[in-house]
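Analysis of the macromolecular model
Take a look at the letters that make up each chain.
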Amino acid sequence: MNFKIAVLPGDGIGPEVTEQAIKCLKVVGDTFEHNFTFEEAPVGAVAIDKTGDPLPEATLELCKNSDAVLFGAIGDPKYDNDPSARVRPEQGLLKLRKELGLFTNIRPIKAYTSLIDRSPLRPDRIKNTDMTIYRELTGGIYFGEKKLNEEGTLASDLCEYSEKEIERIAHQAFKAARTRKNKVTLVDKANVLETSRLWRKVVTKVGESYPEVELDFLFVDNAAMQMILNPSQFDVILTENMFGDIISDEGSVIGGSIGLLASASVGDKHGLFEPVHGSFPQGKGQNIANPVASILSAVMLLEYLGLNEEAHALDCAVTIAIEREIVTEDLKPGSRFGTKEVGDHIASLLADEGDKICFDPENIEYGKSTII
Ligand code: IPM
Ligand code: MG
C-alpha cells in the first residue's frame, strides 16, 4: 500500500531522532512491501527563523494532505527566557493540534523488565506497570482566553470544557480499556474546579455504555502521588489537557527515561505521532539523544494506519534492542551507542529478521527470545 507521511522534525534533537524513526519505517516498507513517501516541512523555532511563523501555512497544508504526521520536537531556549516574545515555537504545535482536530493524546507508559533498575523508583513498586494516559489535547486552559492587563501586572488563562469535548475523548478511553484491563481512572480536581465536576458527570454517563469497564476517580494531587507509589494499579488514565501534560512527564520516571515515551495524537480525520520528550537543546547534534520514543511513535503511526503486524514487528525490534542493552546513555551511563547506532540496530534487526521478528513478548527475557 502507499502512504504519504508528513515529517516535521522541528527543533533541537527533533531532526536526529526523527531520522531514526524514518529509517525504521523505510525498512518496514521494504519488508512488508509498502511504499512510504516522506515529505518534510518546518515547524517551531526553525520555522520562525525561516518564515517568522512557527506553523507556516504550507506545513499545515502538507499535514492535512498526508496520511499521518511524524513530529520531532519543539522549543528553543532563546524563547523560554523571554516572557515578552511575540511568537513562540510551542504556538506552532498547539495550532497544529487544534487545526488537525487532534483531541485525543495517547501516552503509553510501561516498565521494561531489563530496565527496571534504571528507574529511580524501587523495582518492586514499578514492576508490572502498564498504563496508558488519555489526555484531552485541544481544550482546557491551553486554549481558553488569555489576558494580561496594560500594566503587565495581572494575567489570567481561562479553563473551559464543553460536554461534547469531554464525551468524545471519554469514548476513546473506554474503548481502549476494553482492549486492555477494563479500567478507566478519571484524574481531575473535582473538589475545587467546576470543569472537573463536569468531567465527572459526563464521564460517568459515557461509562454507562461500557458496563464491563470499571470507572474510578482520583484528584490530580493524589494521582501524582499514586503514580509513584503504586503505578501498576492503573490501566487507562483519562484526564484533561494540563493535568495530562504534567502526569505524563511524571510517568516517564517509571520507565527510567523520558526518552522511551511515545505518543499518538488523533482526531476524526488526522493522526500525529511524536515523542513525549522536548527538544533537549543541550543534546542537539551530539548523537546522544534516545531515538526510542520517536521509533515507538512510528509504531503507533503504523497502528493508526491499520498496519498492526508491522507495528508489532517494529515494537519487538525496539524491545530486543533494549534487552540487548543497545541503548543510549540516558539508560546506560557511558554507553557506546548513540542516537544513530541505536536506530541502525533496530532497523537492522527488522531488516535481518523481517516479519519473523514477531514473537510472544512475554518470552522476551534476555537470551530466551527466538531470534537472539
Ligand atoms: C507536550 C509538551 C507540549 C504541551 C508543549 C511543547 C507545548 O509539553 O506535548 O507534553 O505542553 O502539550
Ligand atoms: Mg509536556
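All values reported here derive from a predicted model rather than from experimental measurement.

1. Focus: the overall build of the protein
If you tally the helices and strands in the protein, you get 13 helices and twelve strands. The principal-axis extent of the C-alpha atoms belonging to the protein is close to 60 × 50 × 40 Å. Here the protein, with 372 residues, has 54% of them falling under the buried criterion. Accessible surface, the protein: about 16500 Å² in total, of which carbon and sulfur atoms supply 50%. Counting 40 positive and 59 negative side-chain charges, the protein places the averaged centre of each group 2 Å from the other.

2. Here's the deal with helix α10 (residues 241–255)
With 15 residues, α10 should reach 21 Å at 1.5 Å per residue; the first-to-last C-alpha distance of 22 Å fits that figure. Within α10 the residues assigned to the buried category are Asn241, Phe243, Gly244, Ile247, Ser248, Glu250, Gly251, Ser252, Ile254 and Gly255. Residue Glu240 occupies the N-cap position of α10, its side-chain oxygen lying 2.8 Å from the main-chain nitrogen of Met242. One or two steps after α10, the chain reaches Gly256, where phi turns positive at roughly 105 degrees.

3. Looking at the side chain of His270
With respect to the secondary-structure elements, His270 resides in the loop between β11 (262–266) and β12 (271–275). Excluding residues that lie within four positions of it along the chain, His270 makes contacts with Cys63, Lys64, Leu100, Leu102, Ser265 and Tyr304.

4. Some points on the layout of surface pockets
Where empty space is left in the structure can be found by rolling a water-sized probe over the atoms. By volume, the second largest pocket is sized at about 470 Å³. What lines the second largest pocket is a set of 24 residues, among which Ile74, Leu93, Asp245, Val276 and Gly278 lie closest to the centre. By residue number, the principal contributor to the lining of the second largest pocket is helix α5 (residues 89–99), which donates four residues. Counting residues domain by domain, the lining of the second largest pocket receives three or more from each of domain 1 (1–106 + 261–372) and domain 2 (120–254).

5. With respect to the site of ligand 1
Taken together, Ile74, Glu90, Arg97, Arg107, Arg135, Tyr142 and Asp245 make up all the residues around ligand 1. With respect to ligand 1, the side chain of Tyr142 contributes an N or O atom lying 2.5 Å from an oxygen atom. A distance of 2.9 Å separates an oxygen atom of ligand 1 from a polar atom in the side chain of Asp245. In the complex, 80% of the free accessible area of ligand 1, which totals 320 Å², lies under the protein chains. Assessed atom by atom at 2 Å from the grid points, ligand 1 resides in the second largest pocket. Residues belonging to the shell around ligand 1 are distributed by class as follows: two nonpolar, no polar and five charged. Looking at the shell around ligand 1, you find at least three residues from each of domain 1 (1–106 + 261–372) and domain 2 (120–254).

6. Some points on the domain arrangement of the protein
Annotation of the protein at the domain level lists domain 1 (1–106 + 261–372) and domain 2 (120–254). Distance between the C-alpha centres of domain 1 and domain 2: 24 Å. Together domain 1 and domain 2 conceal approximately 1200 Å² of surface at their shared face, both sides included; 66% is due to carbon and sulfur atoms. Across the contact surface, domain 1 and domain 2 share three residue pairs in polar contact (both at pLDDT 80 or more). Counting residues per element, the ones that place at least two in the side of domain 1 that touches domain 2 are α5 and β4 (104–110). In terms of residue class, the side of domain 1 that touches domain 2 is made up of six nonpolar, four polar and two charged.

7. Focus on the pattern of salt bridges
Summed over all chains, the structure comprises 19 salt bridges. Here Arg178 makes a salt bridge to Glu212, at a shortest N to O gap of 3.8 Å. Residue Arg178 is found in helix α7 (residues 163–178), and its partner Glu212 is found in the loop between α8 (194–207) and β9 (214–219); the two are separated by 34 residues along the sequence. Take Arg178: its relative accessible area is 40%, and that puts it in the partly exposed class. Salt bridges sharing partners connect three or more residues here, namely Lys23, Lys340 and Asp344.

8. A short note on the pairing of strand β2 (residues 35–40)
Summarising the sheet, strand β1 (residues 2–10) and β2 pair through six bridges and their orientation is parallel. Residue pairing for β2: Ile5 is matched across the bridge by Phe38. With helix α1 (residues 14–32) bridging β1 and its parallel neighbour β2, the resulting β-α-β unit is right-handed.

9. Structural notes on unusual backbone geometry
Among all residues save glycine, negative phi is the norm, and among peptide bonds the norm is trans. Its identity is not glycine, yet Asn182 carries a phi of approximately 60 degrees, on the positive side. Note that Asn182 resides in the loop between α7 and β8 (183–188). Owing to a relative accessible area of 26%, Asn182 belongs among the partly exposed residues under this scheme. One non-glycine residue, Glu325, adopts positive backbone phi at about 60 degrees. Position of Glu325 among the secondary structure elements: in the loop between α12 (308–323) and α13 (339–353).

10. Let's talk about the sheet that holds strand β3 (residues 68–73)
Paired through their backbone hydrogen bonds, the strands of a sheet run either parallel or antiparallel. Strands sit in the order β2-β1-β3-β12-β11-β4-β5-β10-β8-β9 across an open sheet of ten strands; the sheet is mixed. In the strand order of this sheet, the two ends are held by β2 and β9, each with one partner. For this sheet, the mean inter-axis angle between neighbouring strands, taken without regard to orientation, is 25 degrees. Examined bridge by bridge, β1 and β3 share five bridges and lie parallel to one another.

Parameters and conventions
Just so you know, the residues in each chain are numbered from 1, in the order the chain's sequence is written. As they are written, the chains are lettered A onward and the ligands numbered 1 onward, keeping that order. Two thresholds apply to this predicted model, a pLDDT of at least 70 for residue-level local features and 80 or more for giving and counting side-chain atom pairs, whereas whole-chain, interface and lining totals are computed over all residues. Hydrogens and water are ignored here; the side-chain numbers use all heavy atoms of the structure. Strands are runs of DSSP state E lasting at least 2 residues, helices are runs of H or I lasting at least 4, and numbering of each runs from the N terminus. Working definition: with a 1.4 Å probe on protein chains only, accessible area under 20% of the residue-type maximum means buried, over 50% means exposed, and in between means partly exposed. Working definition of accessibility: Shrake-Rupley area with a 1.4 Å probe, residue cover restricted to the visible protein chains. Neither His nor the chain ends contribute to the count of charged residues, in which Lys and Arg are positive and Asp and Glu negative. A charged residue contributes its charge at one atom only: NZ of Lys, CZ of Arg, CG of Asp or CD of Glu. Residue count minus one, scaled by 1.5 Å, sets the expected span of a helix. Nitrogen and oxygen atoms within 3.5 Å of one another constitute a polar contact, given that in protein one can donate a hydrogen and the other can accept it, and given that sequence-neighbouring residues count only through two side-chain atoms. Contacts are assigned to residue pairs that have any heavy atoms within 4.5 Å of one another. Cavity: a set of points on a 1 Å grid over the protein atoms alone where a 1.4 Å probe fits but cannot get out. Pocket: an open set with protein on both sides within 12 Å along at least five of seven lines, its lining residues, like those of a cavity, having an atom within 4 Å of a point. Grid points are joined across faces, edges and corners, and a volume is the space filled by probe spheres set on the points. Boundary definitions for the domains trace back to an automatic or database domain assignment. For each residue, the test is whether any non-hydrogen atom lies within 4 Å of the molecule or strand; if one does, the residue is near. More than half of a molecule's atoms lying within 2 Å of a cavity's or pocket's grid points is what places that molecule inside it. Residues are sorted three ways: Asp, Glu, Lys and Arg are charged, Ala, Val, Leu, Ile, Met, Phe, Trp, Tyr, Cys and Pro are nonpolar, and all the rest, Gly among them, are polar. Here the buried area means the combined drop in accessible surface, using a 1.4 Å probe, for two parts upon being joined, counting both sides. Salt bridges are defined by distance alone: a side-chain nitrogen of Lys or Arg within 4 Å of a carboxyl oxygen of Asp or Glu. Strand pairing follows a simple DSSP-based rule, namely that at least 2 bridges must link the two strands. Note on handedness: a clockwise path from strand one over the helix to strand two, with the strands aimed away from the viewer, defines a right-handed crossover. Note on method: axes are straight lines fitted to C-alpha atoms, helices fitted across the in-contact stretch only, with angles between N-to-C directions ranging 0 to 180 degrees.

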